[in-house]
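Notes for the structure review
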Amino acid sequence: FVGGHRQGGRVLGCVPIYWGASNIKKYVDPRAFINRPDFASDRELYEFLISVSEQKYTSFQKAGQLFLKSKKFKKYSSQSVAKKIFQVICQKIHD
């Protein structure tokens, strides 16, 4: 699931560790998060996390901020989701 409420930590500079739909990279820039399935084990993920350089971490943060400002993210914003729900309800009322 991609959504605005899931991205709140980005404002604080957090880099998400994603473990969900296998097609996430189709929707979100893979440079903007750490994808848990890219690691063979929890240990491998842990080793990556404790060794990631400040430069690499900053690159995740920058990519995440760019994603939040992109047109691609706009459709997942709270406003866009609310608008879509409203449209569906109106359509059902009129059908």
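In case you missed it, the structure is sitting above this.
Figured I'd write up the structure that's included with this text. Per-chain numbering applies: the sequence of each chain, read as written, is numbered from 1 onward. In view of the model being predicted, local features appear only for residues whose pLDDT reaches at least 70, and side-chain atom pairs are presented and counted only at 80 or more, with totals across whole chains, interfaces and linings using the full set of residues. Only hydrogens and water are removed before side-chain values are computed, so all heavy atoms of the structure are retained for them.

Scanning the protein chain from terminus to terminus reveals 5 helices and 2 strands. Mapped from its N terminus to its C terminus, the protein chain presents α and β elements in the order α-β-β-α-α-α-α. The buried label goes to any residue with under 20% of its type's maximum accessible area, the exposed label to any with over 50%, and the partly exposed label to all in between, with areas taken from a 1.4 Å probe on protein chains only. Looking at the 95 residues of the protein chain, the share that counts as buried comes to 24%. Taking all contacts inside the protein chain whose residues are at least 6 apart in sequence as the whole, residues at least 24 apart take part in 49%. Residue-level accessible areas treat just the shown protein chains as cover; the underlying method is Shrake-Rupley with a 1.4 Å probe. When the accessible surface of the protein chain is split by element, carbon and sulfur atoms take 59% of a total near 7,200 Å². A run of DSSP states H or I qualifies as a helix once it reaches four residues; a run of E qualifies as a strand once it reaches two. Both are numbered from the N-terminal end. Any two residues whose heavy atoms approach within 4.5 Å at even a single point are treated as in contact.

Definition used in this section: a nonpolar core is a set of buried Ala, Val, Leu, Ile, Met, Phe, Trp, Tyr and Cys residues joined via side-chain atoms within 4.5 Å. One finds Y18, I24, V28, A32, F33, A63, F67, F73 and Y76 forming the largest nonpolar core, which totals 9 residues. Counting 5 residues, the second largest nonpolar core, distinct from the first, contains V15, I34, F39 and F60.

Here is the rule: rings of Phe, Tyr and Trp (six-membered ring for Trp) pair when centre to centre is within 6.5 Å. Planes less than 30 degrees apart are stacked, more than 60 are edge-to-face, and the remainder are tilted. Summed over all chains, the structure comprises 4 aromatic pairs. A ring pair is formed by Y18 and F33, whose centres lie 5.9 Å apart and whose planes are at 75 degrees; its orientation type is edge-to-face. Taken together, the positions of Y18 in strand β1 (residues 17-18) and F33 in the loop between β1 and β2 (34-35) put the pair 15 residues apart, joining distant regions of the chain. We note that Y18, like F33, is buried. Here the aromatic residues F39, F48 and F60 are joined through ring pairs into a cluster of three or more. Think of it as a cone above the ring: NZ of Lys or CZ of Arg counts as a charge over the ring if it is within 6 Å of the ring centre and within 35 degrees of the ring normal. R36 extends its terminal NZ or CZ atom over the ring of W19, reaching a point 4.8 Å from the ring centre. The ring centre of F60 lies 4.8 Å from the NZ or CZ of K56, which sits over that ring.

These values are about where atoms sit, not about what they do.
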